[in-house]
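Report on the structure
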Amino acid sequence: MLDVLIIGAGVTGSFIARKLSQYQLSVLLLDKENDVGNVTSNANSAIIHSGYDPLPGTLKAKLNVRGNQMFDDIARELDVHFKRVGSLTVAINDEQMNMLADLVKRSKENGVPASLLTKEEVLRMEPHISKEVKGALLAPTAGVIDPFNLVVHCVENAVDNGVKLHLNEEVIDIKNNSDYFLVKTNKEEYQSKVVINAAGLYSDKIASMIEEIDWKLIPRKGEYFVLDHYDVGLVNHTIFPLPSIKGKGVLVSMTSSNNYIVGPSSEPNDDVDDVSTDSYTLSEIRRQATELVPDIPFNQVIRVFSGNRPTSTRHDFIIESAKSSKFFINVAGIESPGLVSSPAIAEYVFENFISKLFNLVKKENYNPCVKKYHVLNDMDVHSRNEIIAKNPEFGKIVCSCEKISLGEIKELLSRSVPPKTVKGVKRRCRAGFGKCQGGFCSPLVTLILAKHYGLSPLDIKWDKDQSNILVEEVKKL
Ligand SMILES: Cc1cc2nc3c(=O)[nH]c(=O)nc-3n(C[C@H](O)[C@H](O)[C@H](O)COP(=O)(O)OP(=O)(O)OC[C@H]3O[C@@H](n4cnc5c(N)ncnc54)[C@H](O)[C@@H]3O)c2cc1C
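Note that the coordinates shown come from a computational prediction; the quantities given were computed from them, not determined experimentally.

**Description of the sheet that holds strand β3 (residues 47–48)**
As summarised here, the arrangement of the 3 strands in space is β3-β8-β4, forming an open sheet in which the pairing is antiparallel. The strands lining the two open edges of the sheet, one partner per strand, are β3 and β4 (82–83). Across 2 bridges, the pairing between β4 and strand β8 (residues 143–145) is antiparallel. Looking at the pairing, Lys83 lines up with Val144 of β8.

**A short note on the site of the ligand**
With respect to spatial proximity, 38 residues lie near the ligand, and among them Thr12, Asp31, Ser41, Ile47 and Ile334 are the closest. Here a nitrogen atom of the ligand and a backbone polar atom of Ser45 are 3.2 Å apart. For the ligand, the accessible surface in isolation is 1000 Å², of which the surrounding protein chains cover 99%. Among the secondary structure elements, those contributing two or more residues to the shell around the ligand are α1 (11–20), β13 (220–227), β18 (301–309) and α8 (338–357). Among the residues making up the shell around the ligand, the classes are represented as 17 nonpolar, 14 polar and 7 charged. When residues are assigned to domains, the shell around the ligand turns out to be shared by domain 1 (2–41 + 148–217 + 314–357) and domain 2 (87–140 + 218–309), each giving three or more.

**Regarding the pattern of salt bridges**
One pass over the full model with this rule turns up 25 salt bridges. For the salt bridge of Arg428 with Asp35, the shortest nitrogen-to-oxygen distance reads 2.9 Å. Note that Arg428 is positioned in helix α11 (residues 422–429) and Asp35 in the loop between β2 (27–30) and β3, a separation of 393 residues in sequence. Assessed through its relative accessible area of 4%, Arg428 is described here as buried.

**What to know about the state of the cysteines**
Counted by the stated rule, this structure contains 0 disulfides. The structure places no disulfide on Cys436, whose sulfur is separated from the nearest cysteine sulfur, that of Cys401, by 3.8 Å. Exposure remark for Cys436: the relative accessible area of 27% places this residue in the partly exposed category. For the unlinked cysteine Cys441, the closest cysteine sulfur is that of Cys399, found at 4.2 Å. On the basis of relative accessible area, Cys441 is assigned to the buried category, the value being 2%.

**Description of the domain arrangement of the protein**
How big an interface is tends to be stated in terms of accessible area lost as the parts join. Taken domain by domain, the protein consists of domain 1 (2–41 + 148–217 + 314–357), domain 2 (87–140 + 218–309) and domain 3 (376–459). Inter-centroid distance (C-alpha atoms) of domain 1 to domain 2 is 31 Å. Between domain 1 and domain 2, the residue contacts involve 8 residues of the former and 7 residues of the latter. Buried surface at the junction of domain 1 and domain 2, both sides included, amounts to about 680 Å², of which 59% is carbon and sulfur. Among the residues of domain 1 in contact with domain 2, Leu201, Tyr202 and Leu217 are the three that bury the most area, contributing 60% of the side total. One can count 0 salt bridges joining domain 1 with domain 2.

**Here we look at the packing of aromatic side chains**
By the definition in use, this model includes 7 aromatic pairs. Look at Phe148 and Phe433: their rings are 5.6 Å apart centre to centre, the planes differ by 45°, and that puts the pair in the tilted class. On the criterion of sequence distance, the pair formed by Phe148 in helix α5 (residues 147–160) and Phe433 in the loop between α11 and α12 (441–453) is long-range, its members being 285 residues apart. The residue whose ring lies beneath Lys19 is Phe350, and the NZ or CZ to ring-centre distance is 5.0 Å. The residue whose ring lies beneath Arg430 is Phe433, and the NZ or CZ to ring-centre distance is 4.6 Å.

**So, α11**
Most of α11 sits out of view: 8 of its 8 residues are buried. For α11, the set of buried residues is Val422, Lys423, Gly424, Val425, Lys426, Arg427, Arg428 and Cys429. For α11, the elements touching its buried residues are α5, β18, β22 (404–405), α10 (406–413) and α12. After α11 finishes, the residue Arg430 shows a positive phi value of roughly 80°.

**Quick word on helix α7 (residues 279–292)**
Taking 1.5 Å of rise per residue, 14 residues should cover 20 Å, and α7 covers 20 Å from first to last C-alpha, within 8% of that figure. Within α7, the full set of buried residues consists of Thr281, Leu282, Ile285, Ala289 and Leu292. Looking down the long axis of α7, one finds its buried residues gathered within 95° of arc, a one-sided arrangement. Opposite the buried face of α7, at more than 90 degrees from it, the exposed residues are Ser279 and Tyr280. Where α7 is buried, its residues contact β5 (87–91), β13, β14 (238–240), β15 (251–254), β16 (260–263) and β18. You can read the cap of α7 off the contacts: a side-chain oxygen lies 3.2 Å from the backbone nitrogen of Tyr280, and it is on Asp278.

Scoring rules and cut-offs
Residues numbered from 1 in each chain as written. Predicted model: local features only at pLDDT ≥ 70, side-chain atom pairs only at ≥ 80, totals over all residues. Heavy atoms only, no water. Pairing = 2+ DSSP bridges. Helix = DSSP H or I, 4+ residues; strand = E, 2+ residues; numbered from the N terminus. Near = heavy atom within 4 Å. Polar contact = N/O pair within 3.5 Å; in protein donor to acceptor, adjacent residues only side chain to side chain. Areas by Shrake-Rupley, 256 points an atom, 1.4 Å probe, with all protein chains shown as cover. Nonpolar A, V, L, I, M, F, W, Y, C, P; charged D, E, K, R; others polar. Domains from an automatic or database assignment. Salt bridge = Lys/Arg side-chain N within 4 Å of Asp/Glu carboxyl O. Buried < 20%, exposed > 50% of the residue type's maximum accessible area, 1.4 Å probe, protein only. Disulfide = S-S within 2.5 Å. Contact = heavy atoms within 4.5 Å. Buried area = accessible area lost by both parts, 1.4 Å probe. Phe/Tyr/Trp six-rings, centres within 6.5 Å; stacked < 30°, edge-to-face > 60°. Lys NZ or Arg CZ within 6 Å of the ring centre and 35° of its normal. Expected span 1.5 Å × (residues − 1). Arc of directions from axis to C-beta.

This is the structure in structure tokens:
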């Protein structure tokens, strides 16, 4: 019998698992995907929002602000690239200037440091912003993070502290047997005292497995451009327009790896698995973004992508126990600012639910820090040469665009949540993230994975099932 079964290894379920790993509980984290953080947590703006925007009094406001405060420690403990670059919310007409004044009020109510800047101050800080700018709201605590390793390292840390992780397991049915839940997946049946539903875009389906629910998810798709990371200095902060009922609007920002990101759109999308992009939406994003930053070098776009927000009819995070059982906890409708809020969501779930359901004992050997590994791009030349002298595989470059070595990829394969797919390698070490988008390194990564797992290269997948890279052998590999 498990103590807690968590459905969904996105950023929400992962932080809950990590929080619970501090205590003597048997915890299972389940995901239907072949990797952690492979759905919404994999496709977002990766902004650690300051918290000036959510309506005061909402869970979104409370958990965004608390989450933001937690990120210096989290980035250090989980060894994730994170920069507090600050955000500027820019007004380009008088009506928007009035709206900025309201946002300053809202920032104060939410307890978020923020100040109004004049046109001259904005242009001094951000010379590429439109000369039409009238002023801006500066929120210095906003930041940018590596969203991929945030989840991977969070789960690795949870697993290293005793949480069990089962991937490729889809929950298909749940029965409430009064003193435990029987959770059925495509592979197994589990008995668990507590179930936490952190299934993102599917959290309504999971919640409905045990009772009728009075909320609905209305997913909204967001599309993006990603630019290469050579044109340093386009913007120094995350640049937002004024927010609207559709969300925070099309932003222009550097990422934690010094690329630039432009987007997202915000359109309803019935098909939660549809992460396509289309030229009409992308050109509209481009139009809106260039109103704020006219000289975005769109000739440096290396990728477009999209993700779906699990927006709910409650317009706030839904974090509550089921009507029929205090042992079933829904953590649903976690749309933006879900990434920044995730550690605070875990804390909230722990304090308001889990701590009241168990007599908890802390683990003496709990370690909040993820095991470190070598990231050569973060090292100086001297340290790099030292590690290459010890192991020449760190000198063999597999991804020329991002300069990722064979040694680094092999090191990932021996970790507690190793990549199984080419995309899994890409998300962890950036091999394939550069200008050629894996054109040169994907075949090499495919061979490395095949050799490590004792598989034929034909069996190695880019990402999900049916995404094999090779279809048949034409000559011996
Ligand atoms: C366009 C866009 C921009 C965003 N920008 C930001 C931002 O800048 N900052 C910010 O803070 N937030 C942002 N967000 C929000 C943030 O990405 C989400 O709030 C967060 O990723 C949600 O995480 P999650 O773990 O709840 O959901 P997910 O990441 O979707 O994880 C849910 C998991 O549940 C699994 N699952 C579902 N059904 C089952 C089942 N039946 N059995 C087993 N597993 C199952 C899924 O496979 C998935 O891995 C953005 C979102 C989008 C879409």
